[in-house]
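# Architecture at a glance
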Amino acid sequence: MKTYKLSYFITIYEFNRMLVNSKKVVIASVAKQSRFVGLLVASFLAMTFLMFVSVSDVSAKVRVVTSVPTLAAIAEEVGGDKVEVEGLAKGYQDPHFVDSKPSYVLLLNKADLLLYTGLDLEIGWLPVLITGSRNSKITSTASPGRLDTSTLILNILEVPNTKVDRSMGDIHPGGNPHYWLDPRNGIATANGIAERLMEIDPENSSYYDERLGDFVKRLNAKIQEWDKKLAPYRGTEIVTYHKSWVYFSDWAGFKEVGYIEPKPGIPPSPSHAAELIRKMKEMNVKLVIAESYYPQKTPALIAEKTGASFLALPSQVGGREGINTYFDLFDVIVNEITSKLENMTKSVNSPNLRGG
Amino acid sequence: MKIRVAAGYLGVTNINRRIILFVFAFLFFSPSVYKEVWGDESDEIKKQMQELRQQMESMQKKLQELEEKNRKLEEEAQKQKEEKEVEKALTETAPPPQPGFLQRFVQSLNPDISIIGIFSGAYFTTDDPIVHAEADPENTGINLQEIEIGFQGVVDPYFRWDSFFSIQREGLETEEAYATTLFSLPLNTQIRAGLMRSKFGRINLQHREFQDFVTLALPAAYFLGEHLNPVGAEFNFLVPLPWYVELSASVNSPNGLETTSFAPDEDSNNIGLLLYIFHISNFFEVTDDFSLSLGGSFATGSNGTGTENRSNLYGADLFAKYRPLKFSSSYQEVWLQSEFMYRQAETPEKTLDDWGAYAQLIYRFAKRWNSGFRFDFVDTDDPVVPLADDVGAENLLRVIRQEVEEEEAILGLLGKELRYAFMLTFNPTEFSRIRLQYEFDDPDFRSSYSAVYLQFQYSLGPHGAHPF
C-alpha cells in the first residue's frame, strides 16, 4: 500500500507508445494524420478512465489494518495469502500511547478491514485517525470493515462494578483490555476475524475456514504443551508493573499480589515502592514482570531488595526480535518464566548458596 | 573261443550281462520312467502350488485393502476428533449471543462533554504588560486564561460534530463549531464546514490546553489574533503521493473575526473579497523514530481599511519530532515547532509589510515532565495614521494596549518585538498540568520587562486526542 498508481501522471506520449506496442488499439483509418488524432483521443479517454480506476482498489487481496501487532499476527494466520496485513503500532511500544501520525491515515484510507483491541486501549490515538481516514468502510462502528475484537471475548476481566472515575487512575470502564495474553482468547479472536473475513470476502470462505481450523488445531496443541510447562508453578505469587498480565495470570494460575504502579498510569512513588517491598517480602513473591517500555530501574531495584527475579518480557508480537507469530510470543514468555522459576527453586534447594 | 575268453576274462556272465543291461536301461530311461511314474503328481503339485500362491496373493491384496480401509477410518476418526476439539474450543470461547455484561454501562446517544480550565498566576516586572492574545495572563495576580467547554459526537453516518466554547470572565465566545464529513468522497476529500480554527500553519489549530507555552507565540498573536476562526467551508484533499500530503482550500467570511488581518469590506457582496485560505501539509515518516512535517499556507481577504483593500498572509511551518521507541523509556521525546509568517496589508496610504517567526524546542525527559525554550519575534512596518477617523473595522491592524486610554486610530502594528521564554511542565496525569514559565519581552516601542507564570490546567471528560 506504500506504492501508488501514478498513471495519472503518465504522459500522453508514453501512453501512446504503450497502446501502439500492445497492439490493442486498432485504428481503421489509413491516413497517418487521422490515425494520430485517433490515437490521441483514445489515449486521452483511456487516461481519464485509468485515473478513476487506479485510484480505486486494484489488488485482489483483502487489506487488513490492525492497531496492534498481535492482532496482525492472528489475522495473518487466518487470512493466509488472501490478505495483506499491516499493524500500526510497534510491538515494543506502549499501545496506550501511540502517536497518531498522519502516515497512518494513508494506511487506513486504503483499508478493507480495521481490527483493534477495544475497551479504550487505543482511545488516545485511533479515533482521530479513523475520522481522518475518509474511508466509509471503517468510519461507522457498525460497518463490516471495522471489528472491535473485544466483542469476541467471553471473559473480560476486571469489569468495574462501581461507578468509575479518574481518581482510580487511568481506568478502563469496559474492563481490562490486555486479553490477548490468554491464548484461549486467541482462539476466539481468530474465530471472529475469520467470520468477518468470510463476510467481506465470501469467495474465499472455505479457505479462511480451513486456515482457522488449522490454526485452532495447532494452538490447542501448543496450549496443552504450555499448560504442562506451567503446571508445576501454579499459585506462584508475582508482581507486575501495570495491570497488563491479569489474563496471563488467570490462565497460568499465578497470583498477582501487587503492582509497581500505585494506580494505573501513575508512576511509583518512593512510599509506594517501600510498601510494595514490605508486602513482597511477607508474601515471598518470586517474580517481578515489567514490559520493556516501562522504566526498568524501579522494578529491577524492587526485585533486588526482595530477592525476587526481575523479568522484562514482551507483551505483544514484535515486542522482541524473533517474535513474529502468536506462538512465538507465548513460547518466549512461558520459557522465560519457567526457566527463571526453575532456577530459583534450584538455588533455594541447593545448600551451598543458602549457607546450610 | 576268444569272445568267451574275453567275456570270461571280464567276469561277465550271461546273468551279469542282463543285469548290467537292465541297470543301463534303468539309468537311461529313468527320467521318463520317473516322469511316467511320478509325472502327473508333480504337475498337480505345481498347479496346487500355483493355486495356493494365487490365493495367497489375493489374500494379501485383501489384507492390504483392509489395512487401507482401516487407516482411512482411523484418519477419519482422528479428523473428526480434531474437528470436534476445534468446535469445542470455538464454542467454549465464543461470547454469549445476547448482549451481556458490557451493556452494564449505560448506552447513551449524548455527545461527549468535556470541560477544561486553564488558570495562571503571573508576576510582571512592569505595571502595564502588553496583552498580545486574549487568553494570555493580563496582570500580576491569578488570572483566568480560559475555560473551554466541548461538545463532540457523531451526528449520523455522514457527519461528526465538534464544538468548543471559550469562556472568560467577560463572557462566552464560540471558539469552534463545525461538522466533518465521514463518508468517502472522490479524490479522498474531507469537508469541514462551520465555525472553525483555520488550517493556517500549525499553532492556529492547537487549542490552548494543547499548547506548550503559557503565552501565545507573537506572530500568531499579532497576525491571527487569539485564533483565526472564521465561519466557512473547508475542502481537504489527500493527494495520492507516497507520503502524506494534504491540500486544504477554504472559503470563509471575516465577519466577527477578532484579528488584525481580516475584516469585512464595505463592498460586502463581492465574493472575491471573502477570506480564502489555502494550506499544504506534508508529513514524512523518515524513520520509525523521527517524523517531519512541512507546510505552507496562504490566506487572502479584505481587511476593511478601504474599498477592495486586502491582506495577504503567507506562512511556512515546520514540525519535527524524535521519539526513540526502542529504549526502555519510550516516553522520551524531543520536538521542534517553528513557523514563519509574512503579511502584506493594503491601506489607503501604502501597503504594509510585516513579518514574524517563532521557534520552540521541547524535550520530554520523563513520562510526566517536559521542558522547553521558545524564541519569537515580529518585525512590523511603520504604522500609518489614516486620513479618515472611521475606518470601519474595530480591531483592524491595531494592537490593543492597556496603557493607552483610548485606542489610537493607527493602522499597522507597533514595531519590532522580541521575546524568549523557558518553561518546565509537570503533568500529574494526561488530564492535569502544572507549568512554570519565565519570559522576557523586549519591544522596540517601549521598555522591556519580564514575567513569571505558574499555570495550572484541569480537564474533565473525554476530550479527544489532538492531531499529531
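Residue and element names in this part refer to chain A. Strand order in the open sheet formed by 4 strands is β6-β5-β7-β8, and the pairing between neighbours is parallel. The sheet is open, and its two edges are formed by β6 (255-259) and β8 (309-313), each paired on a single side. Strand-to-strand twist in this sheet, taken as the mean axis angle between neighbours without regard to direction, amounts to 30°. Taken together, the 5 bridges between strand β7 (residues 287-291) and β8 define a ladder with parallel strand orientation. Within β8, the residue paired with Val288 across the bridge is Phe310. Contacts from helix α12 (residues 326-349) reach β7 and β8, with the element oriented near 170° to β8.

Right, let's talk about the confidence of the model for chain B for a bit. Residues and elements named next belong to chain B. Of the residues in chain B, 84% reach a pLDDT of 70 or more, and the chain-wide mean stands at 84. The secondary-structure element of chain B with the lowest mean pLDDT is helix α1 (residues 2-10), recorded at 50, while strand β5 (residues 189-195) shows the highest, at 96. When the criterion is pLDDT under 50, residues 5-9 qualifies, and its contacts beyond four places in sequence or with other chains add up to 1 contact. Ignoring residues within four places in sequence, the model shows residues 399-407, a span with pLDDT below 50, making 8 contacts including any to other chains. Predicted complex, confidence summary: ipTM 0.76, pTM 0.78.

Right, let's talk about the pairing of strand β8 (residues 275-285) of chain B for a bit. Residue and element names in this part refer to chain B. Of the strand pairs in this sheet, strand β7 (residues 244-253) and β8 are connected by 9 bridges, and their pairing is antiparallel. Its bridge partner lying in β8, Tyr244 is registered against Phe283. Bridge analysis of β8 against strand β9 (residues 290-302) gives 10 bridges, and the strand direction is antiparallel. Its bridge partner lying in β9, Ile277 is registered against Ala299.

This next bit is on the interface of chain A and chain B. Opposite the 49 residues of chain A that make contact, chain B presents 44 residues. Those elements that place two or more of their residues in the side of chain A that touches chain B are α4 (102-109), α5 (126-132), α6 (136-139), α7 (183-200) and α8 (205-230) of chain A. For the side of chain A that touches chain B, the per-class residue count stands at 20 nonpolar, 20 polar and 9 charged.

Attention shifts here to the environment of Tyr363 of chain B. Residue and element names in this part refer to chain B. By the secondary structure assignment, Tyr363 is in strand β12 (residues 351-364). Look at Tyr363 and you get partly exposed, because 14 C-beta atoms sit within 10 Å. Between the alpha carbons of Tyr363 and Leu185 there is a distance of 39 Å; along the sequence they are 178 residues apart. Those residues in contact with Tyr363 that sit more than four places away from it in its chain are Val334, Asn370, Ser371 and Gly372.

Turning our attention to the sheet that holds strand β4 (residues 146-148) of chain A. Residue and element names in this part refer to chain A. With parallel pairing, 4 strands are arranged side by side in an open sheet as β2-β1-β3-β4. Of all the strands in the sheet, just β2 (83-87) and β4 have a single pairing partner and so form its edges. Each strand of the sheet is rotated relative to its neighbour by a mean of 20°, with strand direction disregarded. Packing against the sheet, helix α3 (residues 69-79) makes contact with β1 (62-66), β2 and β3 (113-116), and its axis sits at approximately 170° to β2.

The rules behind these values
Residues numbered from 1 in each chain as written. Chains lettered and ligands numbered in written order. Predicted model: local features only at pLDDT ≥ 70, side-chain atom pairs only at ≥ 80, totals over all residues. Pairing = 2+ DSSP bridges. Helix = DSSP H or I, 4+ residues; strand = E, 2+ residues; numbered from the N terminus. Axes fitted to C-alpha atoms, helices over the stretch in contact; angles between N-to-C directions. Contact = placed C-beta atoms within 7 Å. pLDDT = per-residue confidence, 0-100. Nonpolar A, V, L, I, M, F, W, Y, C, P; charged D, E, K, R; others polar. Buried ≥ 20, exposed ≤ 12 C-beta atoms within 10 Å, placed from the backbone.

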